[in-house]
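Survey of secondary and tertiary structure
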Amino acid sequence: MPSQKKNDIAIRMEDVGIEIDGELDSGSEGKNRKAKASPRAGGRNGKPATTEDEEEEEDQDEAPRKRARKKKASAQDSEEEEEEDDRSVKRKGTKAAGRKKKAVKEEEEEEEEQGKKKKGGKGDAKGKGGKEKGNGKDKKKKNGNSSSSGESGDEDSLSEGEMTSLKEEVEEKKKLIATLRNKPWRMKRRLKLLKECQAFVEEFEGALGKGKGRKLYAYKVMMAKKMIKFNRDFDNFKTACIPWERKIKEVESHFGSSVASYFIFLRWMYGLNLVLFAFMFGLVVLPEVMMGLPYGSIPRKTVPRAEQDRAMDISVLLDFGGYCKYSILFYGFYNDERTIGVLQFRLPLSYLLVGLGIFGYSLMVVIRTMARNSDEGGDGGDDGQFTFAFKMFTSWDYLIGNPETADNKYASITTSFKESIVDEQENQKDENIHLRRFLRVLANFLILCSLGGSGFLIYFVVKRSQEFANLDQDELSWFEKNEVEFVMSLLGLVCPPLFETIAELEEYHPRIALKWQLGRIFALFLGNLYTFLFALFDEVNAKLEKEKSIRNATIWGLNEYYSNYSSYHNTTDIPPPDIHPADVIRGPCWETAVGIEFVKLTVSDIQVTYMTILIGDFLRAMIVRFLNYCWCWDLEAGFPSYGEFDISGNVLGLIFNQGMIWMGAFYAPGLVGLNVLRLLTSMYYQCWAVMSCNVPHERVFKASKSNNFYMGLLLLVLFLSLLPVVYTIMTLPPSFDCGPFSGREQMYNVVMETIENDLPAFIGNIFTYATNPGLILPAVLLMVLAIYYLNATSKNYQNANLELKKKMQMARDEEKNRRNNKENTNQVMQDLEDLLPNRSLLPPAAEEEKPPPEIVLEKGSKSPKVAKRPGAAANGKGVNIQKDVSLAAPNPKAAVTHPPGPRGPSGNARGPPPGPARGRGRGTPPSRR
Amino acid sequence: GFNSTFCTSDILQVQLSFPPPRLFDRYRDLAPQLVPLDYTDQPDVRLPYELIGSMPELKDNPFRQRIAEVFSEDGEGNMTLDDFLDMFSVLSEMAPRDLKAYYAFKIYDFNNDDFLCKSDLEKTLNKLTRNELTEDEVRMVCEKVIDEADLDNDGRLSLEDFQHMIVRAPDFLSTFHIRI
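Residues numbered from 1 in each chain as written. Chains lettered and ligands numbered in written order. Predicted model: local features only at pLDDT ≥ 70, side-chain atom pairs only at ≥ 80, totals over all residues. Heavy atoms only, no water.

As recorded in an unreviewed UniProt entry, chain B goes by Calcium and integrin binding family member 3 and comes from Oncorhynchus kisutch.

To continue, consider the overall build of chain B. The secondary structure content of chain B amounts to 11 helices and zero strands. Starting at the N terminus and walking to the C terminus, you meet the elements of chain B as α-α-α-α-α-α-α-α-α-α-α. For chain B, with 180 residues in total, the buried portion stands at 62%. Look at the contacts in chain B between residues 6 or more apart in sequence, and 54% of them connect residues 24 or more apart. For chain B, the exposed surface amounts to about 6,700 Å²; the carbon and sulfur share of it is 49%. (Helix = DSSP H or I, 4+ residues; strand = E, 2+ residues; numbered from the N terminus. Buried < 20%, exposed > 50% of the residue type's maximum accessible area, 1.4 Å probe, protein only. Contact = heavy atoms within 4.5 Å. Areas by Shrake-Rupley, 256 points an atom, 1.4 Å probe, with all protein chains shown as cover.)

Let us look at the overall build of chain A. Each helix and strand counted, chain A has 35 helices and two strands in total. Residue burial in chain A is summarised as follows: out of 929 residues, 45% are buried. At a minimum sequence separation of 6, the contacts of chain A that also span at least 24 residues come to 78%. Of the roughly 47,500 Å² that chain A leaves accessible, carbon and sulfur atoms contribute 62%.

A few words now on the nonpolar core. In terms of nonpolar packing, the biggest core is built from 104 residues, with Phe 263, Phe 265 and Phe 666 of chain A touching the most fellow members. Discounting residues that sit within four places of it in the chain, Phe 265 of chain A has contacts with Val 651, Leu 654, Ile 655, Asn 707, Tyr 710, Met 711 and Leu 714 of chain A. Ranked by size, the runner-up nonpolar core spans 71 residues in total, among them Trp 396 of chain A together with Phe 63, Val 138 and Leu 159 of chain B. (Core = buried A, V, L, I, M, F, W, Y, C linked by side-chain atoms within 4.5 Å.)

On to the UniProt feature "domain: EF-hand" (unreviewed entry) in chain B, then. Here, UniProt's "domain: EF-hand" (unreviewed entry) annotation points to residues 137–172 of chain B. This span, residues 137–172 of chain B, is 61% helix and 0% strand, and a straight line between its end C-alpha atoms measures 24 Å. (UniProt positions renumbered as here; feature names shortened; annotations may be inferred.)

This paragraph deals with the environment of Ser 489 of chain A. All names here are of chain A. You can see Ser 489 is positioned in helix α21 (residues 483–503). Using a relative accessible area of 24% as the deciding quantity, one classes Ser 489 as partly exposed. Each C-alpha atom, one on Ser 489 and one on Ser 604, is 8.6 Å from the other, the two residues being 115 residues apart in sequence.

In total, this model carries 45 aromatic pairs over all chains according to the counting rule given. Both rings, one in Trp 590 of chain A and one in Tyr 667 of chain A, keep their centres 6.0 Å apart while their planes meet at 55°; by these two values the pair is tilted. Note that Trp 590 of chain A is positioned in helix α23 (residues 590–626) and Tyr 667 of chain A in the loop between α24 (647–665) and α25 (670–693), a separation of 77 residues in sequence. The exposure class of Tyr 667 of chain A is buried, given its relative accessible area of 3%. The rings of Tyr 331, Phe 333, Tyr 334, Tyr 351, Trp 590, Phe 666, Tyr 667 and Phe 741 of chain A are connected pair by pair, giving a single aromatic cluster. Lying across the ring of Phe 110 of chain B, Arg 66 of chain B places its NZ or CZ 5.6 Å from the centre. (Phe/Tyr/Trp six-rings, centres within 6.5 Å; stacked < 30°, edge-to-face > 60°. Lys NZ or Arg CZ within 6 Å of the ring centre and 35° of its normal.)

All names here are of chain A. Applying the stated rule across the entire model yields one disulfide over all chains. The partner cysteine of Cys 589 in its disulfide is Cys 738, sulfur to sulfur 1.8 Å. Since a negative S-S torsion denotes a left-handed disulfide, the Cys 589-Cys 738 link at about 95° is right-handed. Of this pair, Cys 589 sits in the loop between α22 (510–569) and α23 while Cys 738 is found in the loop between α26 (708–731) and α27 (749–758), placing the two residues 149 residues apart along the sequence. (Disulfide = S-S within 2.5 Å.)

Right, let's talk about helix α17 (residues 387–394) of chain A for a bit. Here α17 of chain A lies mainly inside the structure; eight of its eight residues are buried. For α17 of chain A, every residue scored as buried is listed here: Thr 387, Phe 388, Ala 389, Phe 390, Lys 391, Met 392, Phe 393 and Thr 394 of chain A. Residues of α17 of chain A that are buried in the fold lie against α18 (403–428) of chain A together with α7 (97–108), α8 (118–129), α9 (135–149), α10 (159–166) and α11 (172–175) of chain B.

With that settled, consider the confidence of the model for chain B. Residue and element names in this part refer to chain B. When the pLDDT values of chain B are averaged, the result is 80; 88% of them are 70 or greater. Helix α1 (residues 3–6) is the least confidently modelled element of chain B, averaging 34 in pLDDT, while α8 averages 90, the highest of any element. Long-range and interchain partners of residues 1–19, a stretch whose pLDDT sits below 50, account for 39 contacts in this model, where long-range means more than four residues apart. ipTM for the predicted complex: 0.86, alongside a pTM of 0.67. (pLDDT = per-residue confidence, 0-100.)

Residues and elements named next belong to chain A. A contiguous nonpolar surface patch, about 900 Å² in accessible area, is contributed by Met 611, Leu 614, Ile 615, Leu 619, Ile 623, Leu 627, Trp 631, Trp 633 and Phe 639. Turning to its location among the elements, Ile 623 is positioned in helix α23. According to the relative accessible area criterion, Ile 623 is partly exposed, its value standing at 41%. (Patch = residues over 30% accessible without salt bridge, like charges linked within 9 Å, V, L, I, M, F, W, Y side chains within 5 Å. Salt bridge = Lys/Arg side-chain N within 4 Å of Asp/Glu carboxyl O.)

Moving on: the packing of α8 of chain B against α9 of chain B. Residues and elements named next belong to chain B. Packing of α8 against α9 brings their axes to within 10 Å, and their N-to-C directions diverge by 120°. On the basis of the axis angle, α8 is oblique to α9. Both α8 and α9 take part in a crossing whose hand is right-handed. Here Lys 118, Leu 121, Glu 122, Leu 125 and Asn 126 of α8 come into contact with α9, specifically with Val 138, Val 141, Cys 142, Glu 143, Val 145 and Ile 146. For the contact of α8 with α9, the per-class residue count stands at seven nonpolar, one polar and three charged. (Axes fitted to C-alpha atoms, helices over the stretch in contact; angles between N-to-C directions. Parallel < 35°, antiparallel > 145°, perpendicular 65-115°, else oblique. Left-handed = near helix turned anticlockwise from the far one by under 90°. Nonpolar A, V, L, I, M, F, W, Y, C, P; charged D, E, K, R; others polar.)

Here the focus is α9 of chain B. It helps to recall that an α-helix has 3.6 residues per turn; residues three or four apart then point in one direction. Spanning 15 residues, α9 of chain B covers 21 Å between terminal C-alpha atoms, matching the ideal 21 Å at 1.5 Å per step. Those residues of α9 of chain B that sit buried are Glu 137, Val 138, Met 140, Val 141, Cys 142, Lys 144, Val 145, Ile 146, Glu 148 and Ala 149 of chain B. (Expected span 1.5 Å × (residues − 1).)

Before going further, it helps to examine the pattern of salt bridges. Under the criterion given, the structure shown has 24 salt bridges over all chains. A salt bridge links Arg 338 of chain A to Asp 758 of chain A, with the nearest nitrogen and oxygen atoms 2.5 Å apart. Remark: Asp 758 of chain A occurs in helix α27 and Arg 338 of chain A occurs in the loop between α15 (322–325) and α16 (347–376); sequence separation between them is 420 residues. Salt-bridge contacts for Lys 106 of chain B lead to Asp 114 of chain B; the nearest nitrogen and oxygen are separated by 4.0 Å. Residue Lys 106 of chain B is classed as buried on the basis of its relative accessible area of 6%. Asp 114 of chain B sits in the buried class, given a relative accessible area of 11%. One salt-bridge network, in which partners are shared between bridges, spans Arg 338, Arg 346, Arg 744, Glu 753 and Asp 758 of chain A.

The next point concerns the side chain of Thr 602 of chain A. All names here are of chain A. Topologically, Thr 602 is positioned in helix α23. Of note is the side chain of Thr 602, whose polar atom sits 2.7 Å from the backbone oxygen of Phe 598. Residues within four places of Thr 602 in sequence aside, it is in contact with Asn 657, Met 660, Ile 661 and Leu 671. (Polar contact = N/O pair within 3.5 Å; in protein donor to acceptor, adjacent residues only side chain to side chain.)

Attention shifts here to a negative patch on the surface. Where like charges cluster on the molecular surface, the negative patch consists of Glu 500, Glu 504, Glu 644, Asp 646 and Glu 698 of chain A. Turning to its location among the elements, Asp 646 of chain A is positioned in the loop between β1 (643–644) and α24. (Lys, Arg positive; Asp, Glu negative; His and termini not counted. Charge placed at Lys NZ, Arg CZ, Asp CG, Glu CD.)

Residues and elements named next belong to chain A. Relative to the helices and strands, Lys 515 is located in helix α22. Judged by relative accessible area, which is 27%, Lys 515 ranks as partly exposed. Through-space distance from the C-alpha of Lys 515 to that of Phe 709 is 7.5 Å; in sequence the pair is 194 residues apart.

Encoded structure:
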């Protein structure tokens with residue numbers, strides 16, 4: 001029965017044109033099985049012995065090795081029995097008898113043979129590696145079989161040489177056990193090998209007295225596994241710690257990386273603001289609350305008598321008047337005592353340093369982020385050579401095991417494909433350059449017009465509001481009071497869609513169009529911002545005038561009081577005037593006014609943004625969704641449809657909001673906290689709005705990998721908001737009766753005071769030297785030079801980079817071309833070869849034509865196909881296909897649909913393999929080229 | 001003659017047990033009535049594809065049928081225990097890249113002709129995107145893929161092309177991987 005089966009297999013193998021190794025193998029195998037006691041058959045001897053030994057260590061002398069081999073073999077003999085036992089033990093079965101051994105062996109062989117058949121059937125990919133492996137296999141078999149020849153008598157006598165060789169083999173087996181997992185073999189073969197190796201190690205470690213290491217080894221393996229698992233968990237934990245990562249990924253998978261880039265920016269902004277808030281809260285607000293004077297103790301912390309009636313009115317509070325105005329939220333509340341509390345906390349100094357430190361920190365973070373992002377570089381379209389191929393073959397994550405994640409993944413893959421397709425289409429587009437140019441100029445002209453118009457409108461409104469400010473507040477309507485905010489919000493609503501419409505003319509790639517759009521809206525908002533600022537300055541100047549008079553009056557009043565008191569009571573020990581804090585006449589405190597302006601602006605911005613989302617997106621989506629059932633046209637596909645997420649508007653809203661925070665934080669420390677709340681809610685709110693009411697863009701495009709355009713805008717805004725704040729700190733005198741700097745000529749005097757009073761004298765000296773223009777000028781010069789140098793270096797690197805990229809591209813193209821042309825040149829060469837009578841032109845080719853001699857010797861004359869195959873497979877390409885092929889699942893389909901006959905030519909038509917062996921083993925040049 | 005010493009090998013067996021016993025349990029849990037506990041006499045048990053494909057590890061995978069087909073001996077997705085072990089061994093973290101690449105190639109080779117031709121790529125793409133792309137887009141993507149990865153310009157991807165491409169993929173190893 002087994003022999004019959006074997007024959008069947010052999011026949012089948014011949015049909016397929018199996019490689020010679022397999023043929024021999026099965027043949028000798030069968031023979032051995034039939035006659036167990038006989039030593040190795042002659043067919044085995046035909047095999048070159050050296051190849052057999054290649055796997056083993058060559059430097060061993062022959063005699064002990066053979067003995068060792070015998071030992072091993074004999075061991076394996078019983079091991080095979082043992083294997084059965086192990087199997088049965090492991091699978092909780094009963095102990096099996098040895099009679100099944102044959103069947104098992106049979107099966108294994110069939111398995112291997114099928115593998116080989118597969119290998120042979122594949123037609124390519126049969127090289128040295130495969131052959132070597134085959135030999136290895138043979139060797140094992142041989143050992144196993146020779147063991148059955150009954151040489152198991154000498155296991156008791158172990159000489160020194162045997163010991164060493166044994167040791168090495170044991171080590172080898174151990175290594176095999178350790179790496180067995182990585183071996184590309186079928187499970188059956190691996191199981192068998194494992195059993196063998198384990199048994200062998202077990203046996204001979206005992207014999208060598210080395211069994212102790214085993215536990216340690218097992219422990220090590222276990223620890224390694226634990227370590228891997230721990231690392232994985234730690235990575236997961238790290239990912240889980242990134243806030244909103246899942247939310248953003250979800251948005252990204254449905255709306256593309258461009259929309260996600262907004263949320264990533266929002267998250268980044270939230271982090272920045274959290275740090276700013278920590279500074280502001282920890283170093284300014286908290287000390288004042290904990291250690292400063294309570295509300296109502298001094299005039300600046302008390303609502304004036306005139307305002308007290310309405311101080312709790314909602315309308316007043318919403319305008320940040322009343323109790324709000326005289327609270328910890330604003331500049332005016334802070335006291336000017338040099339130190340407060342038991343800690344001697346220098347609040348005014350801290351206030352100034354935090355105010356400036358916020359800028360310093362933000363600058364640092366923005367620039368650092370930009371620098372880090374520029375590493376990743378590129379403006380989105382990845383220039384890798386395998387963009388689509390990677391997307392197609394590696395984008396599905398096989399780990400995904402839940403339907404929701406799978407849905408997201410499908411969406412994200414689709415989106416990313418669409419993104420890449422848009423990029424690709426853009427590359428392939430050919431255009432009418434003149435028309436395009438004209439349209440672009442026209443679009444820019446229109447946009448400049450609308451920018452100018454909106455600038456004028458703002459200027460006009462601000463002027464009017466200044467007039468209104470002089471009138472009585474009660475006579476003005478709500479609209480007149482809030483005209484500036486209203487107009488600015490209106491412009492913010494109307495202009496961006498207008499720009500977008502105009503930008504359609506330009507037909508830029510969506511990514512570039514987004515940048516233009518961002519730039520234009522930025523210009524619009526910038527105009528708004530600066531008109532707003534100038535209006536504010538006017539107001540501040542007016543307040544300063546008013547304050548001066550009040551201050552003079554106060555000082556005069558105090559002097560009067562003092563002189564009166566001293567003359568009346570005839571004493572120099574004058575108590576301060578006994579006036580209730582609410583009744584003290586006080587200046588307008590321009591800082592608080594400015595702070596209130598900024599807070600109001602921020603709040604109105606929040607309101608507008610949220611209302612826009614609620615009405616523009618949610619309500620629209622509701623109407624489209626539910627009115628669609630009873631409407632005369634298709635609302636979802638037709639006119640209103642669902643909204644798209646407005647990336648540019650949102651990004652710029654975020655950036656300008658941040659500008660407001662930077663500018664206002666100095667005058668309203670509470671603003672940072674407010675902003676943190678805003679960003680937090682807006683994260684959830686907008687995520688929800690996007691996922692529920694918006695549809696993806698028509699052309700989903702890939703965001704640039706570095707968010708550096710956003711960052712650049714942010715940096716610009718940061719710089720712009722730095723200017724007015726630093727200007728006011730440096731030039732405007734602080735209010736005399738409110739805020740931490742009251743009573744000082746300039747705000748920065750608080751630093752001078754500290755240096756003079758609290759620090760040792762030499763630091764003061766150093767400071768004087770450092771502020772000397774003679775030192776500052778060279779320092780600036782040095783910095784400029786450094787910048788110049790660094791800039792030049794980076795340019796050079798950039799050029800080198802580009803050059804290298806170009807070279808890589810060229811090399812790739814060249815390689816491709818060479819592969820293509822090889823066929824042709826080969827053909828030419830062959831023609832030449834025919835022309836030349838002595839054929840001396842191509843000696844290597846002639847050599848290659850005939851297969852390696854030992855194969856001829858072995859196989860005799862099987863079939864021409866077989867003769868060709870080893871040559872074709874002997875190409876030394878770096879890919880380990882050969883090894884892998886042996887464990888391919890033998891696929892009957894493949895065998896049926898592609899009978900071995902036509903496979904030869906098809907293998908050739910595949911084109912020449914790389915490496916030196918190109919064109920080898922090819923009888924005729926394929927006609928396809 | 002060595003039986004006395006072999007008894008201790010069970011220790012090693014437990015510690016280094018090659019297919020984790022868990023895998024066998026998983027296999028058996030799919031169909032307790034079909035799979036015997038006792039594998040001593042090599043029962044010829046095959047679980048049908050419907051059972052294999054319904055495993056939580058596979059059921060959301062767009063290529064689950066291909067995976068089962070590639071790893072099953074009969075090519076129909078019906079798996080023996082050994083096939084099953086093979087599958088999860090190749091898809092495990094420890095499997096070498098070349099092996100994974102080879103099987104990935106087999107999985108994406110829908111018509112089993114040992115080349116990824118346009119129809120294979122189209123099928124792959126449609127499975128990945130659930131037919132969301134238009135025909136033009138699909139065609140374009142397939143052309144691009146072949147254009148990128150086809151080194152010998154025969155209009156289809158051989159295993160060699162595929163390996164050449166996949167060894168450069170940054171996250172192939174991390175995505176072609178099932179944890180069980």
